[in-house]
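Below are the chains, spelled out letter by letter.
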Amino acid sequence: NQVVLRVIEQIRSRQLDLRRHLLHSLKSYVTMPQCLEIVTALRRLNSIDLERRSEQNLERTHDAMELSLQVDFLEARDFWLEKPGNSDNSMSTSSSLLNNRGGDISVKSSEQLLDAIERHRTRVFEIATQFNAIFRTQMGRQKGISVSLLSMWTSRKVEAFMTMLAAELEKMKDSAQLRDALEACIFFAASMGRLGADFTPQLPPLFEKKMHDIVKQNWKDGVKQLAETLKACRGAGMTSPLVSSSHVDDDDDGNANADSGASTEATSASAATMDGPPAPPRQLMAFPPLARVVNAFLTGMNELRRCLLPGTFKPLRESMQTALKKIMSILHSNERAVLTPGLRGNATQLRKIASDMRKMFNEIMSPYLQCALEFALGNTDAAWELHKSIKTEKKEEEAAAAQPDQAAEPAEGTGAGTSEEDKSSETKTESATNEIDAADPASEAPKATEGANPESTQAATGTAMN
């Protein structure tokens, strides 16, 4: 009957429409009871299709339909997972207002990343929970297939999340934002651990690399600024931006303490400073370009206080050595450049400043930066040992510089002694000569007579004779 066939055809077409509608409803937020009702309806549609088939192996066909239903379920829920929520819309609106007011773009990126992490955490866990409650309750061969399918889906979601995370971390420029993202990711990974998908070991490489890049970028900016400053001053022949007289040497404080005799107070003060890192050397204030470089390095190290990761220790030490070599190369190049004939401005002063800056870098700045890095990494004992070695080397250099002066003083003293001996010998010689002359009255009398003083002549003669 054509009427019956047409009705059957329309029912089957409506059946397909109903299936598409049910699957589409899974692409939005649904509670656990609603999700169970939708899957139950889809299973009834599968049973209707199974009844129309006259195949011999109906059990295998049923398993295939069930597996197809699980795949359709996860695909539909994937769409909901990637769909922005209401918080995303409100956040994008506030971010656009922030950008219109000139806000920081990195703040927007951080907020977007934190929201994406939270969205993945809640939704992935909810989807996995719904899947286990609906499909893993059945027993038999299909249970193993369901577990394998969920594991594959979870692995794929974690891989996609890690790719998204790596891209978003590149936009960050602040260690505080990086720390917040790390804490959110660790919480997400711990939640996935209840599903057997803990991805915590995959997090350190991403965050350690970004933390290292943040610190190294500050160091690069400081080195670049030093090179530009030296080049500009050399080209213009200016010395005023390179030196400053408003500084106090550390040695002055030491001498003042030594003169005042407050050795006990100095010892207690030094013991108190053992709790924290040493202050930057104030001698660097004599050279503002070097002081700015130190500030840039310390700014980078301060970022480690917010998010210190063990995997960054070795790369940071290597980057420190590379940066110090770069600074030394810049100072050497500047020292060679100022020796070029025909230099503009005060060439003599520029050459002296270039030499003094290189000496200041080798003796004070480079050791201090290495010591500060060890403090920033938490290696306090090694940092203080390095600091003590710097002080020891400085004292040895001062002692070595003072040795020529000390050696010159005895030489002067020896000369003085020789002169005194010569004077005494001359005096003795003169007195001996006088005695010999005085022993001869005949020769002395005429001389005394010439002096027109008879009394003195008699006294001299009498003395000689006695």
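Provided above is the structure to which this section pertains.
Reading guide: rules and limits
Note on numbering: residues in each chain are counted from 1, in written sequence order. Totals for whole chains, interfaces and linings use every residue, but because this is a predicted model, local features are given only for residues with pLDDT of at least 70 and side-chain atom pairs only at 80 or more, for both listing and counting. The side-chain quantities take in all heavy atoms of the structure and omit both hydrogens and water. Counting from the N terminus, the helices are DSSP H or I runs at least four residues long and the strands are E runs at least two residues long. Think of it in three bands: residues with accessible area under 20% of the maximum for their type are buried, residues over 50% are exposed, and the middle band is partly exposed, with areas taken using a 1.4 Å probe on protein chains only. Working rule for contacts: check all heavy atoms of both residues, and any pair within 4.5 Å makes them a contact. Patches here are clusters of residues that have more than 30% relative accessible area and form no salt bridge, with a 9 Å joining cutoff for like charges and a 5 Å cutoff for nonpolar side chains (Val, Leu, Ile, Met, Phe, Trp, Tyr). Computed with a 1.4 Å probe, the accessible areas rest on the Shrake-Rupley method; for each residue, only the protein chains presented here act as cover. When a carboxyl oxygen of Asp or Glu is within 4 Å of a side-chain nitrogen of Lys or Arg, the pair counts as a salt bridge. The convention used is that axes are lines fitted to C-alpha atoms, helices contributing only their stretch in contact, and that angles between N-to-C directions extend from 0 to 180 degrees. Roughly parallel means an angle under 35 degrees; roughly antiparallel means over 145; roughly perpendicular covers 65 to 115; every other angle is labelled oblique. All amino acids are sorted into three groups, where Ala, Val, Leu, Ile, Met, Phe, Trp, Tyr, Cys and Pro are nonpolar, Asp, Glu, Lys and Arg are charged, and the leftover types, Gly among them, are polar. Given a helix with a known number of residues, its expected span is that number minus one, times 1.5 Å. Summarising the geometry, the arc corresponds to the directions from the helix axis toward the C-beta atoms. What makes a crossing left-handed is the near helix being turned counterclockwise from the far one by less than a right angle; a clockwise turn instead makes it right-handed. The definition of a nonpolar core used throughout is a set of buried Ala, Val, Leu, Ile, Met, Phe, Trp, Tyr and Cys residues joined through side-chain atoms within 4.5 Å. Ring geometry is summarised as follows: Phe, Tyr and Trp rings, the Trp one being its six-membered ring, pair when their centres sit within 6.5 Å, and such pairs are stacked at plane angles under 30 degrees, edge-to-face over 60 and tilted between the two.

**Side note on the overall build of the chain**
Then, in step 1: Secondary structure assignment for the chain yields 16 helices and zero strands.
Then, in step 2: In the chain, which comprises 466 residues, the proportion classed as buried is 33%.
Then, in step 3: Taking the contacts inside the chain whose residues are at least 6 apart along the sequence as the reference set, 79% of them involve residues at least 24 apart.

**Points about a nonpolar patch on the surface**
Then, in step 1: Taken together, the side chains of Val3, Val7 and Ile11 make up a nonpolar region of the molecular surface, amounting to roughly 260 Å² of accessible area.
Then, in step 2: Position of Val7 relative to the elements: it lies in helix α1 (residues 2-25).

**Some words on the side chain of Lys157**
Then, in step 1: Within the secondary structure, Lys157 sits in helix α6 (residues 141-169).
Then, in step 2: Residue classification places Lys157 among the buried positions, given a relative accessible area of 9%.

**Observations regarding the packing of helix α8 (residues 203-236) against helix α12 (residues 313-337)**
Then, in step 1: Running from N to C, α8 and α12 point in directions that differ by 5 degrees, and their axes come no closer than 11 Å. Our classification of the angle between α8 and α12 gives roughly parallel. Residues His212, Val215, Lys216, Trp219, Val223, Leu226, Ala227, Leu230 and Arg234 of α8 pack against Pro315, Leu316, Ser319, Met320, Ala323, Lys326, Ile327, Ile330, Leu331, Asn334 and Ala337 of α12.
Then, in step 2: Of the residues contributing to the contact of α8 with α12, the split by class is 14 nonpolar, three polar and three charged.

**Some points on helix α2 (residues 32-52)**
Then, in step 1: Taking 1.5 Å per residue as the helical rise, α2 with its 21 residues ought to reach 30 Å, and the 31 Å between its terminal C-alpha atoms agrees with that figure.
Then, in step 2: Every buried residue of α2 is listed here: Cys35, Ile38, Val39, Leu42, Leu45, Asn46, Asp49 and Leu50. All buried residues of α2 project into a common sector of 145 degrees when viewed along the axis, lining one side. Exposed positions of α2 whose direction lies more than 90 degrees from the buried face are Pro33, Glu37, Arg44 and Glu51.

**Let's talk about the environment of Pro278**
Then, in step 1: Considering the arrangement of structural elements, one finds Pro278 in the loop between α10 (263-273) and α11 (288-302).
Then, in step 2: Put simply, Pro278 and Cys371 are 93 residues apart on the chain and 8.7 Å apart in space, counted from C-alpha to C-alpha.
Then, in step 3: Setting aside anything within four residues of it in sequence, one finds Pro278 in contact with Tyr368, Cys371, Phe375, Trp384 and His387.

**Overview of the packing of α2 against helix α3 (residues 58-82)**
Then, in step 1: Where α2 contacts α3, the two axes come as close as 11 Å, and the packing angle between them is 145 degrees. Remark: the crossing between α2 and α3 carries right-handed chirality. Contact with α2, carried on its side by Cys35, Val39, Leu42, Arg43, Asn46, Asp49 and Leu50, involves Leu58, Thr61, His62, Met65, Glu66, Leu69 and Phe73 of α3 and no other residues of that element.
Then, in step 2: Of the residues assigned to the contact of α2 with α3, the class counts are eight nonpolar, three polar and three charged.

**Considerations on the nonpolar core**
Then, in step 1: Formed by 88 residues in total, the largest nonpolar core has its most connected members in Phe73, Leu165, Phe199, Phe207, Phe297, Ile327 and Met365.
Then, in step 2: Ranked by the residues each element gives to this core, the list is headed by helix α13 (residues 347-376), at 13 residues.
Then, in step 3: Not counting residues within four places of it along the chain, the set of residues in contact with Ile327 comprises Val223, Leu226, Val293, Phe297, Phe361 and Met365.

**Let's talk about the pattern of salt bridges**
Then, in step 1: This structure, assessed with the given rule, holds 17 salt bridges.
Then, in step 2: A salt bridge links Asp115 to Arg119; the nearest nitrogen and oxygen atoms lie 3.9 Å apart. Note that Asp115 and Arg119 are positioned in helix α5 (residues 105-135) at a spacing of four residues, about one turn of the helix.
Then, in step 3: Judged by relative accessible area, Arg119 falls into the buried class, the value being 15%.
Then, in step 4: Here Lys171 ties to Glu168 by a salt bridge, and the two come within 3.5 Å at their closest N and O atoms.

**Section: the packing of aromatic side chains**
Then, in step 1: Taken as a whole and judged by the stated rule, the model has eight aromatic pairs.
Then, in step 2: On the basis of an interplanar angle of 45 degrees and a centroid distance of 6.3 Å, the ring pair of Phe73 and Phe131 is categorised as tilted. Placement of the pair is Phe73 in helix α3 and Phe131 in helix α5, with a sequence separation of 58 residues. We note that Phe73, like Phe131, is buried.

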